[in-house]
Amino acid sequence: MDERSKADRTDPRPDLPGAVRVRFAPSPTGYLHIGGARTALFNWLFAARNGGRFILRIEDTDFSRKVEDSTRQITSTMRWLGLQWDEGPATGGPVGPYFQSERLDLYRRAADELKAKGAAYECYCTPEELTQRREEARRLGQAPRYDGRCRRLTDDDRRRLAAEGRRPVLRLKTPTEGQTVVEDLIRGTVVFDNTILDDFVLMKSDGGPTYNFACVVDDHGMRMTHVIRADEHLSNTPKQIIIYRAFGWDVPAFAHVPMILAPDRSKLSKRHGATSVEEFQEAGYLPEAIVNYLVFLGWSPEGGEEVLSADELRRRFSLDRVSKNAAIYDINKLTWMNGHYIRTIDLDRLTDLALPFLARAGLVGDPVDPATRGFIKAILAALRDRVKTLGELPDATVYFFRDDYGFDPKGVQKHLTSPDAAGLLDTARAELAGLARFDLESCEAAYRGLIERLGIKGGALIHPTRVAITGRTNGPGLFDVMTLLGRERTLGRMERAAAVIRAGGPWPEPVALETPVVPGVDASRRV
RNA sequence: GGCCCCAUGGUCAAGUGGCCUAAGACACCGCCCUUUCACGGCGGUAACUCGGGUUCGAAUCCCGAUGGGGUCACCA
């Protein structure tokens, strides 16, 4: 039993701010994985809830080439989500550097310390030899473990082997009996038999640390009080605890959060479609929706609420309400939640968020002039509860920006083919033309009056008009659309439609827009 | 395969021995609202993996089986 891994342990470094210190330690793979984002979120929330600090550390010991770009990508996405770190890249902090690639001397010194203590030793076995022995063990049905033969090397042996040109690795002398116990804040007590461990590698022959070693040296060096990470690391934990013990260091508290799985219950990977938050960002999901959705994947509040703001979350998050079972992420629910945020956030903010999507589709300039911005804001007010992602905006709004919008064949068929449709449009157009003011109330009053006089159903006039001026059968209320378009464009479109009806077609095809599509996202939503 | 974790509806989940003839949300179906599509409202279909225990009583505790997942590198 390790008493030191209890949650209520004291701060090992009172001189550092925050009693609680947690970290998110991604490797720079080029994007922020959805699972990583949730791990980061849980850490961030835990720190906030406990008045602690959230540290970002980049685990780039094996990603020499594109570290900078990847880091930029990850940090910018984290900022976009609102997960600001207290210490880390760009912000710095008292226990940096926050890139593992810049901490090599720290690992080397730590390695020397273990070697001096006799807790670790050099091993000159080559990868080829090890692979060979592993295969042989497998063939004999034995566990492929390193046999510890280099533990017994003499100084002469080492000189000789080095003279052969062999570069050694550093291995830890692991206990051959007993048990290592992980007191996990989420899983409870987890016991591992030490016999399953072999003398694993701490430092590679190129002088770099292995993951487990770097992780321990850094978590200790950065004074982490809690290590909150994905479940897949649970089986690494006994190794890490043994490293802490070899140094004589305090062990932090561990909390292994359940994994996020793909719909087929396997580990989330690229073949499942969208796996990075950047992809969702591009498809028009809002950060608050992603955060809200992600936190509910594995955590639930005491009340039955489903929608909580980040501030609320920061006040209420707790590790003891994190569930133990892996969760499958459901794009449907995320999309629903996104729709919820689209229709409830501040309209000006929604407008700002929408702008880039419209610009990318070529519907508006970038930047937009104030008048256009106002126009877009008004459109959004009428349209916001009809879209679930920002990515749908270009298609849903084309006809406000262009006159070459296409006509839905079914809509035309249904509402613009009857012989008197053209006449009806003409009559209505004349009515609208005579209006003193072209506002929502006047338009509606005019139409209601006309409908009454003609003795027809509202839809008989409203539907044809809608298809004529928008090309489609759905959208905001007709009078909203009319006033948004203005008198001139409304009347012009009605006149043009009447002409096409009389000519018997043809009706323009829908224009092609560049709409960002996330693989796997759109497909599964279109049910 | 060894080791470890997990197991309530299609999905996320509440539930910590009696309040469970098991909440809520998404999705789905129906109805209502309505000029369309949405939004919203109302209602419905749908679950405690199985087998043993413990107990007066088990979704809740224990054991086993089954299933799913993770992990077993000089990757992180």
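Just above, that's the structure.
The following paragraphs examine the structure supplied in this document. Note that the coordinates shown come from a computational prediction; the quantities given were computed from them, not determined experimentally.

Considerations on the environment of Leu432
Now for step 1: Secondary-structure assignment places Leu432 in helix α16 (residues 421-433).
Now for step 2: Between the C-alpha atoms of Leu432 and Ile186, which are 246 residues apart in sequence, the distance is 67 Å.
Now for step 3: When near neighbours in sequence (up to four residues on either side) are disregarded, Leu432 contacts Phe438, Cys443, Tyr447, Met482, Arg487, Thr490, Leu491 and Met494.

Section: the side chain of Arg38
Now for step 1: Looking at the element boundaries, Arg38 is found in helix α1 (residues 34-49).
Now for step 2: We note that Arg38 is buried and unpaired, the nearest opposite charge coming from Asp231 at a distance of 8.6 Å.
Now for step 3: Every residue in contact with Arg38, bar those within four places of it in the chain, is listed here: Val257, Pro258, Met259, Ile260, Leu294, Leu297 and Gly298.

Some thoughts on the environment of Asp369
Now for step 1: Counting through the fold element by element, Asp369 comes out in the loop between α12 (347-360) and α13 (370-383).
Now for step 2: When its relative accessible area of 40% is taken as the criterion, Asp369 is described as partly exposed.
Now for step 3: A C-alpha to C-alpha distance of 52 Å links Asp369 and Leu104, two positions 265 residues apart in sequence.
Now for step 4: Only 2.8 Å separates the side chain of Asp369 from the side chain of Thr372, close enough to count as a polar contact.

Considering the packing of α16 against helix α20 (residues 487-503)
Now for step 1: Where α16 contacts α20, the two axes come as close as 9 Å, and the packing angle between them is 160°. One finds that α16 runs roughly antiparallel with respect to α20. Between α16 and α20 lies a crossing whose hand is left-handed. Counted together, Ala421, Ala422, Gly423, Leu425, Asp426, Ala428, Arg429, Leu432 and Ala433 of α16 and Arg487, Thr490, Leu491, Met494, Glu495, Ala497, Ala498, Ile501 and Arg502 of α20 form the full contact between these two elements.
Now for step 2: When its residues are assigned to classes, the contact of α16 with α20 shows eleven nonpolar, two polar and five charged.

Focus on the protein's contact with RNA strand B
Now for step 1: Taken together, 61 residues form the shell around RNA strand B, and within it Arg187, Lys204, Asp385, Arg386 and His463 come nearest.
Now for step 2: When atoms of RNA strand B within 4 Å of the protein are sorted by moiety, sugar and phosphate together comprise 70%.
Now for step 3: At 3.1 Å, a side-chain N or O of Glu232 approaches a phosphate oxygen of RNA strand B.
Now for step 4: A distance of 3.2 Å separates a phosphate oxygen of RNA strand B from a polar side-chain atom of Lys388.
Now for step 5: Counted by class, the surface near RNA strand B contains 22 nonpolar, 18 polar and 21 charged residues.

Considering the pattern of salt bridges
Now for step 1: Here the structure, examined in full by the defined rule, presents 37 salt bridges.
Now for step 2: In this structure, Arg57 and Asp219 form a salt bridge, with 2.9 Å as the shortest nitrogen-oxygen distance. Here Arg57, found in the loop between β2 (53-56) and α2 (67-81), pairs with Asp219, found in helix α6 (residues 211-221); they are 162 residues apart in sequence, far enough to count as distant.
Now for step 3: Residue classification places Arg57 among the buried residues on the basis of a relative accessible area of 0%.

Let's talk about the nonpolar core
Now for step 1: If you look at the biggest cluster of nonpolar residues, it comprises 117 residues, and the most contacted ones within it are Met78 and Tyr447.
Now for step 2: If you tally residues by element for this core, the top one is α1, at nine residues.
Now for step 3: Setting aside its immediate chain neighbours within four residues, Met78 contacts Phe24, Leu32, Ala40, Phe54, Leu56, Leu83 and Trp85.
Now for step 4: In this structure, Val182, Phe192, Ala214 and Val251 belong to the second largest nonpolar core, which totals 29 residues.

Some details on unusual backbone geometry
Now for step 1: The omega torsion across Gly96 and Pro97 is 0°, close enough to zero to call that bond cis.
Now for step 2: At the junction of Asp366 and Pro367, the peptide bond is cis and its omega measures out at 5° in the coordinates.
Now for step 3: For Pro367, the position within the fold is in the loop between α12 and α13.
Now for step 4: The phi dihedral of Arg265 falls on the positive side, at around 70°, and the residue is not glycine.
Now for step 5: Among the secondary structure elements, Arg265 is positioned in the loop between β10 (260-261) and α8 (277-282).

As for the sheet that holds strand β3 (residues 120-123)
Now for step 1: Reading across the sheet, the three strands line up as β3-β4-β7 and stay open at both edges, with antiparallel pairing between neighbours. Two strands in the sheet have a free side with no partner beyond their single neighbour: β3 and β7 (201-203). Neighbour-to-neighbour, the strand axes of the sheet open up by a mean angle of 45°, direction not taken into account.
Now for step 2: Two elements, strand β4 (residues 169-172) and β7, share two bridges in a ladder whose sense is antiparallel. Residue Arg171 lies in a different strand from β7, and its bridge partner there is Val201.
Now for step 3: Here helix α3 (residues 104-117) sits on the sheet and contacts β3, β4 and β7; the angle it forms with β7, its principal contact strand, is near 125°.

Some points on the layout of surface pockets
Now for step 1: By volume, the largest pocket is sized at about 730 Å³.
Now for step 2: What lines the largest pocket is a set of 30 residues, and nearest its centre among them are His33, Gly35, Gly36, Glu232 and His233.
Now for step 3: The set of elements that each furnish at least two residues to the lining of the largest pocket consists of β1 (21-24), α1, α6 and β8 (226-230).
Now for step 4: Along the lines of polarity and charge, the residues of the lining of the largest pocket split into 14 nonpolar, nine polar and seven charged.
Now for step 5: Every residue lining the second largest pocket is counted, 20 residues in all, and those nearest its centre are Glu392, Asp395, Ala396, Arg472 and Asn474.
Now for step 6: Top element by residues in the lining of the second largest pocket is helix α14 (residues 393-401). It accounts for four residues.
Now for step 7: A per-class count over the lining of the second largest pocket returns ten nonpolar, five polar and five charged.

About the criteria used
- Residues numbered from 1 in each chain as written.
- Chains lettered and ligands numbered in written order.
- Predicted model: local features only at pLDDT ≥ 70, side-chain atom pairs only at ≥ 80, totals over all residues.
- Heavy atoms only, no water.
- Helix = DSSP H or I, 4+ residues; strand = E, 2+ residues; numbered from the N terminus.
- Contact = heavy atoms within 4.5 Å.
- Buried < 20%, exposed > 50% of the residue type's maximum accessible area, 1.4 Å probe, protein only.
- Lys, Arg positive; Asp, Glu negative; His and termini not counted.
- Salt bridge = Lys/Arg side-chain N within 4 Å of Asp/Glu carboxyl O.
- Polar contact = N/O pair within 3.5 Å; in protein donor to acceptor, adjacent residues only side chain to side chain.
- Axes fitted to C-alpha atoms, helices over the stretch in contact; angles between N-to-C directions.
- Parallel < 35°, antiparallel > 145°, perpendicular 65-115°, else oblique.
- Left-handed = near helix turned anticlockwise from the far one by under 90°.
- Nonpolar A, V, L, I, M, F, W, Y, C, P; charged D, E, K, R; others polar.
- Near = heavy atom within 4 Å.
- Core = buried A, V, L, I, M, F, W, Y, C linked by side-chain atoms within 4.5 Å.
- Pairing = 2+ DSSP bridges.
- 1 Å grid on protein atoms, 1.4 Å probe; cavity = no way out; pocket = protein on both sides within 12 Å on 5 of 7 lines; lining within 4 Å.
- Points joined across faces, edges and corners; volume = space filled by probe spheres on them.

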